[in-house]
Amino acid sequence: RLPLLRPDGFLEATLPLVRMCFTRGFQYFMLFVALTALFLVSRQWDVFIRNFGYLFTLEGLASFAVGLVISKSLHELGHAWSSKYFGLRVPTMGISFLVMWPFLYTDTSESWKLTRRRERVIIGCAGMYAELCLAIFATLAWSLATDGGLRSAFFFIATASWTGTLAINANPFMKWDGYYILSDAVGMQNMQPRSFALARWRMREMIFGFGDPAPEYLDPVVRSRLI
């Protein structure tokens, strides 16, 4: 990890500006905007679909990358603001490298102080929530804009936000937000190493039949789900 920012002061100062995003009223408003955007896009669906062909050009990929940086930056701010909302400190934000590929990160390690699982789940969901809000507004803006560079920008921001959230962050089989949200939602820590240990045990028993005991005792239904 390469820390780049110490954002705690900035987050504290700007939290009042985004506090409304945590309210039920704002969520209903976003649902209304999302339904409106989808309705308007459905009336221009053939035009919207044709834009995907542009993604496979060099210029399209560059534009998509810019949209991805914008959406992921807002994603990390979502985690950071939600942590401040629950009174936690956010010491650093920066870039982490996975197999030499850069990813933005926010240090939300203080979430272990929260005793309510619901609050930890909210912090885990906040990044995707922020991205989806961006995607909804960008989709609505695309449907209302006229042809040109600005409309293309809205398209790339929208698609980067939708695909980045649904295909990557929400996936519980990758150790991103979806994994930690599921872990907190079911109240089971260290799911990945425990699942791997159980799966290795089950494969050895199926192939060789050693008769070894399971790595840990769990309800058979829970054990099957982990495997």
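Let me begin by describing the structure that accompanies this report. Since the structure is predicted, the reported quantities are computational estimates derived from the model, not experimental observations.

Unlike most non-glycine residues, Met100 shows phi in positive territory, near 65 degrees. For Met100, the position within the fold is in the loop between β2 (93-98) and β3 (101-106). You will see that Asn190, though not glycine, has its phi angle at about 55 degrees, which is positive.

The next subject is the layout of surface pockets. In this structure, the largest pocket occupies an estimated 1400 Å³ of space. In terms of lining residues, the largest pocket is bounded by 40 residues, among which Glu76, Leu104, Tyr105, Trp176 and Asp177 are the most central. Top contributing element to the lining of the largest pocket by residue count: helix α4 (residues 58-85), with 7 residues. Taken together, the residues of the lining of the largest pocket break down into 20 nonpolar, 12 polar and 8 charged. Leu182, Met191, Ser195, Arg225 and Leu226 are, among the 15 residues lining the second largest pocket, the residues nearest its centre. Every element with two or more residues in the lining of the second largest pocket is listed here: α7 (177-186), α8 (191-207) and α9 (220-226).

Our focus in this paragraph is the pairing of β2. The two faces of the sheet receive side chains in turn, since in a regular strand these alternate between them. Pairing analysis gives 3 bridges linking strand β1 (residues 2-5) to β2, with the strands arranged antiparallel. By the bridge assignment, Leu2 is partnered in β2 with Ile95. Of the strand pairs in this sheet, β2 and β3 are connected by 6 bridges, and their pairing is antiparallel. Each bridged residue has a counterpart across the sheet, and for Met93 the counterpart in β3 is Thr106.

On the surface, a nonpolar cluster with roughly 630 Å² of combined accessible area is contributed by Met203, Met206, Ile207, Phe208 and Phe210. Along the chain, Ile207 falls in helix α8. A relative accessible area of 59% means that Ile207 is categorised as exposed.

Parameters at a glance
Residues numbered from 1 in each chain as written. Predicted model: local features only at pLDDT ≥ 70, side-chain atom pairs only at ≥ 80, totals over all residues. Heavy atoms only, no water. Helix = DSSP H or I, 4+ residues; strand = E, 2+ residues; numbered from the N terminus. 1 Å grid on protein atoms, 1.4 Å probe; cavity = no way out; pocket = protein on both sides within 12 Å on 5 of 7 lines; lining within 4 Å. Points joined across faces, edges and corners; volume = space filled by probe spheres on them. Nonpolar A, V, L, I, M, F, W, Y, C, P; charged D, E, K, R; others polar. Pairing = 2+ DSSP bridges. Patch = residues over 30% accessible without salt bridge, like charges linked within 9 Å, V, L, I, M, F, W, Y side chains within 5 Å. Areas by Shrake-Rupley, 256 points an atom, 1.4 Å probe, with all protein chains shown as cover. Salt bridge = Lys/Arg side-chain N within 4 Å of Asp/Glu carboxyl O. Buried < 20%, exposed > 50% of the residue type's maximum accessible area, 1.4 Å probe, protein only.

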